[in-house]
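The residues making up each chain are set out below.
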Amino acid sequence: MSPFTKIAAVASIEFRVALRNRWLILATGVMTLFSLALTFSGAGGLELKAGILTLAAASLATLSVYLIPLIALLISYDSIAGEVERGTMALVMATPISRGALLAGKALGLIAVLAIAIAASLTISSAAAIFAYGMDMSGLAAIVRLGLTGLLLGAVFVAIGLMISVASPRAGQAAAVAIGVWLVATVLYDLALLAGILADKEGVFTKALFPYFVTANPGDAFRIFNLAGLENAAPVSGLDGIANTLPFSPLYALAGLFAWLVAALTAGYFQIRRLTP
Amino acid sequence: MTAGTAQTPILKIDGVGVTFADLKALQDVSFDVAPGEKLALLGHNGAGKSTLFKCVLGFLKPAAGRITVAGDAPGSNHARRSVSYLPEQVAFPRMLTGIEIITYFARLKSVDPREALPLLDLVGLAQAGRRRVGDYSKGMRQRLGLAQALIGKPDLLLLDEPTSGLDPVSRREFYEIIDRVAQEGAAVLLSSHALSEVEGHIDRIAILSKGRLVADGQIKTLAEAARLPITIRIKAREGQADALRDRFGGTRINGRSVELSCEPAGKIDLVSRLTERREEIDDIDIALPSLDDIYRFYSNLAEKGDAA
Ligand SMILES: Nc1ncnc2c1ncn2[C@@H]1O[C@H](COP(=O)(O)OP(=O)(O)OP(=O)(O)O)[C@@H](O)[C@H]1O
Ligand SMILES: [Mg+2]
């Protein structure tokens, strides 16, 4: 049997465990609630300059930066450290599956959970908006783009979560590190950049370095790519203003996300090879 | 272990040493296991049994010595294809059913799940296959662990305390299964705390004490080599106990009894001298050293070695 069969076996077990632990329903429920809320609060009953889905895409892009990494880290931090702690990993690692295939399988299973949660929440909220306000083709494209890049963002944080999980001797420690990573990546990093801009007063940092620093953060990269795609159709504020003045193509933001995914998986791979279950 | 068969061992352990910080968990351990052989690894808590298993699986890298599994390094792909493992604390994802677990491990071992699922019947879990492992009793988890270890007819079974948590009937069934797989050519290395438990089921035992191998051989050979004294308890007739004690030595116990001990070789001689005095003796009881005595004897060897 090829390694793909084994990867598929690990992925399907990982998915099933997430399903039975209610992670899938929880993730889908939370994301559906938030996307419905943002979609309809954006509409506000006024006559709209942009389509309802375009506005929804803009506010969802901002919210997803927090929510998707959080869910991705929550479903992945325990995946390896917890199995080592509970003793289920020793059995798996004694079988002829390569460590790389094991990591890949776990990542795929968890990404599948995110894929369903993202697809279901966006489908439900968009369908409700179209039903209430009518069709918005360009907005629909923005939502599809949001979903696909949101999945990529989720994959990045699943890979980071797995990397944390491999490196932690205990699941509790993995949880603490995961929360720390989430805080830094989604909140503290942006705050530090804002502080940099305020201190710098239109100097070299703001003009030359800032765009690169922003795109280096996976969450910001995701948001910038999506907001740039909306082409001023929706109001943006704060750090996101940069989306329209990037000195490079927004595709680089997407490339940055892929780079994070590859880097986190590679780091996880080298660590799982040294893991003693 | 049939002498003279030039069968290449499936497992070779040669001078293995493992150190945790300043604790020598294993020191210079060497033995081989041949296909079809059943070897029990005995030792107190902390003797190093599980540590040795982890070395054979490639989870731990010994600081000294060499292990080969089916001619390959532990943990290599080929070695892992030849070995099955049942850990000391067997655990499975609680949310999965027995059938899902067996299907999962069959796929990991590149075995068609349809061939592996009948193993649930073999270990007596046919009824429980659709229930979640989280609801299994300890013994049921142990049985599922055994079924998992049997998937794909491995050449070497590493079973770390496989019978802990099993009731006496299940234990017998367990050893019957082990007998069958050994007859089909698999080597079985299992660990246990009690010699009395493995007696009658296992060809050969190896005893670990404080990380050192202190005995390796058939139970009968080891028992003879230990030359443990035989205890003879004489129940004297009224008023004869002191006279018997004075004549044969030994110690007076509970009123009318005298306890003697002698080397195995001197047994016949002592008994015939006793029968000369049969008018003073009510009853004789001969106690051979128990399996636990033999086990204790070898386990304590290493401690004596430490003191020296
Ligand atoms: N990862 C580890 N780090 C430090 N010490 C360890 C580690 N694993 C085992 N030890 C020590 O090595 C020694 C041997 O442990 P091991 O688990 O092999 O014993 P055992 O013979 O299996 O005992 P038991 O019958 O209780 O299962 C013990 O003193 C134990 O504390
Ligand atoms: Mg042990």
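Look up a bit, the structure's there.
Participant: Before we move on, can you summarise the nonpolar core with the specific residues and values?
Facilitator: By size, the foremost hydrophobic cluster in this structure holds 161 residues, and its most contacted members are Leu11(B) and Ile205(B). Considering each element in turn, this core owes the most residues, 14 residues, to helix H7 (residues 137–167) of chain A. With residues up to four places along the chain from it excluded, the contact list for Ile205(B) reads Leu39(B), Ala40(B), Leu42(B), Leu195(B), Val198(B), Ala215(B), Asp216(B), Gly217(B), Ile219(B) and Leu222(B). Grouped together as the second largest cluster of nonpolar side chains are 13 residues, Ile230(B), Ala241(B), Phe248(B) and Cys262(B) included.

Participant: So, the pattern of salt bridges: which residues are in play, and what are the values?
Facilitator: A pair can form between side chains of opposite charge whenever their charged atoms are brought close. Following the criterion strictly, the structure yields 26 salt bridges over all chains and no others. Notably, a salt bridge pairs Glu100(B) with Arg16(A), separated by 2.6 Å at the nearest N-O pair. Highlighted residues: Glu100(B) in helix H3 (residues 98–108) and Arg16(A) in helix H1 (residues 3–20), drawn from two different chains. When its relative accessible area of 11% is taken as the criterion, Glu100(B) is described as buried. Here Arg20(A) and Glu100(B) are joined by a salt bridge, their closest N and O atoms 2.6 Å apart. In this pair, Arg20(A) sits in helix H1 while Glu100(B) sits in helix H3, so the two residues belong to two different chains.

Participant: Explain the sheet that holds strand S4 (residues 64–69) of chain B residue by residue, including any values.
Facilitator: Residue and element names in this part refer to chain B. One open sheet holds the three strands; their spatial order is S2-S1-S4, and the pairing between them is antiparallel. Among the strands making up the open sheet, the edge pair consists of strand S2 (23–33) and S4. Here the strands of the sheet are splayed against their neighbours by 25° on average, with no regard to which way each runs. In this sheet, S4 lies alongside strand S1 (residues 11–20) in antiparallel orientation, the contact comprising five bridges. By the bridge assignment, Leu-11 is partnered in S4 with Val-69.

Participant: Could you give an account of unusual backbone geometry, naming the residues involved and the relevant values?
Facilitator: Positive phi is not limited to glycine here, since Asp28(B) has a value of about 50°. Considering the arrangement of structural elements, one finds Asp28(B) in strand S2.

Participant: Can you explain the interface of chain B and chain A? Please cite residues and give values.
Facilitator: With 26 residues of chain B at the contact, the number on the chain A side is 24 residues. A combined buried area of about 2400 Å² lies between chain B and chain A, and 69% of that area is made up of carbon and sulfur atoms. Of all residues in chain B, the largest losses of buried area upon contact with chain A belong to Phe59(B), Arg80(B) and Leu108(B), amounting jointly to 29% of the total for that side. Run the count over chain B and chain A and you get two salt bridges. At the surface where chain B touches chain A, the tally comes to seven residue pairs in polar contact (both at pLDDT 80 or more). Only helix H2 (77–82) and H3 of chain B provide two or more residues apiece to the side of chain B that touches chain A. With five residues, the single largest contributor to the side of chain B that touches chain A is H3(B). Grouping the amino acids of the side of chain B that touches chain A by side-chain chemistry returns 15 nonpolar, four polar and seven charged.

Participant: Can you break down the pairing of strand S5 (residues 83–86) of chain B residue by residue, with the values?
Facilitator: Residues and elements named next belong to chain B. Of the two faces of S5, the one lined by Val-83 and Tyr-85 and the one lined by Ser-84 and Leu-86 are each fully buried. Sheet topology places S5 next to strand S6 (residues 156–159); four bridges connect them, and they run parallel. Among the inter-strand pairings, Val-83 is bridged to a residue of S6, identified as Leu-156.

Participant: Can you lay out the pairing of strand S10 (residues 230–236) of chain B for me, pointing to particular residues and giving the numbers?
Facilitator: Two faces, one strand: in a regular strand the side chains alternate between the faces of the sheet. All names here are of chain B. Side chains Ile-230, Ile-232, Ile-234 and Ala-236 of S10 all project onto a buried face; the interleaved residues Thr-231, Arg-233 and Lys-235 project onto a face where none is buried. Bridge count between S10 and strand S12 (residues 257–262): six bridges; the pairing is antiparallel. What sits directly across from Ile-232, in S12, is Leu-260.

Participant: Account for the sheet that holds strand S11 (residues 251–253) of chain B, with residues named and values stated.
Facilitator: All names here are of chain B. With antiparallel pairing, the four strands of this open sheet are ordered in space as S11-S12-S10-S13. The open sheet has two edge strands, S11 and strand S13 (281–287), and neither has a second partner. This sheet shows a mean twist of 25° between the axes of neighbouring strands, independent of strand direction. Sheet topology note: the S10/S13 ladder contains six bridges and is antiparallel. When the sheet's bridge partners are listed, Ala-236 is paired in S13 with Ile-281. Sheet contacts for helix H10 (residues 241–248): S10, S11, S12 and S13; angle to S12, the most-contacted strand, approximately 15°. The sheet contacts of helix H11 (residues 267–276) involve S10, S12 and S13, and relative to S10 the element is tilted by about 5°.

Reading the values: rules and limits
Residues numbered from 1 in each chain as written. Chains lettered and ligands numbered in written order. Predicted model: local features only at pLDDT ≥ 70, side-chain atom pairs only at ≥ 80, totals over all residues. Heavy atoms only, no water. Core = buried A, V, L, I, M, F, W, Y, C linked by side-chain atoms within 4.5 Å. Buried < 20%, exposed > 50% of the residue type's maximum accessible area, 1.4 Å probe, protein only. Helix = DSSP H or I, 4+ residues; strand = E, 2+ residues; numbered from the N terminus. Contact = heavy atoms within 4.5 Å. Salt bridge = Lys/Arg side-chain N within 4 Å of Asp/Glu carboxyl O. Pairing = 2+ DSSP bridges. Axes fitted to C-alpha atoms, helices over the stretch in contact; angles between N-to-C directions. Buried area = accessible area lost by both parts, 1.4 Å probe. Polar contact = N/O pair within 3.5 Å; in protein donor to acceptor, adjacent residues only side chain to side chain. Nonpolar A, V, L, I, M, F, W, Y, C, P; charged D, E, K, R; others polar.

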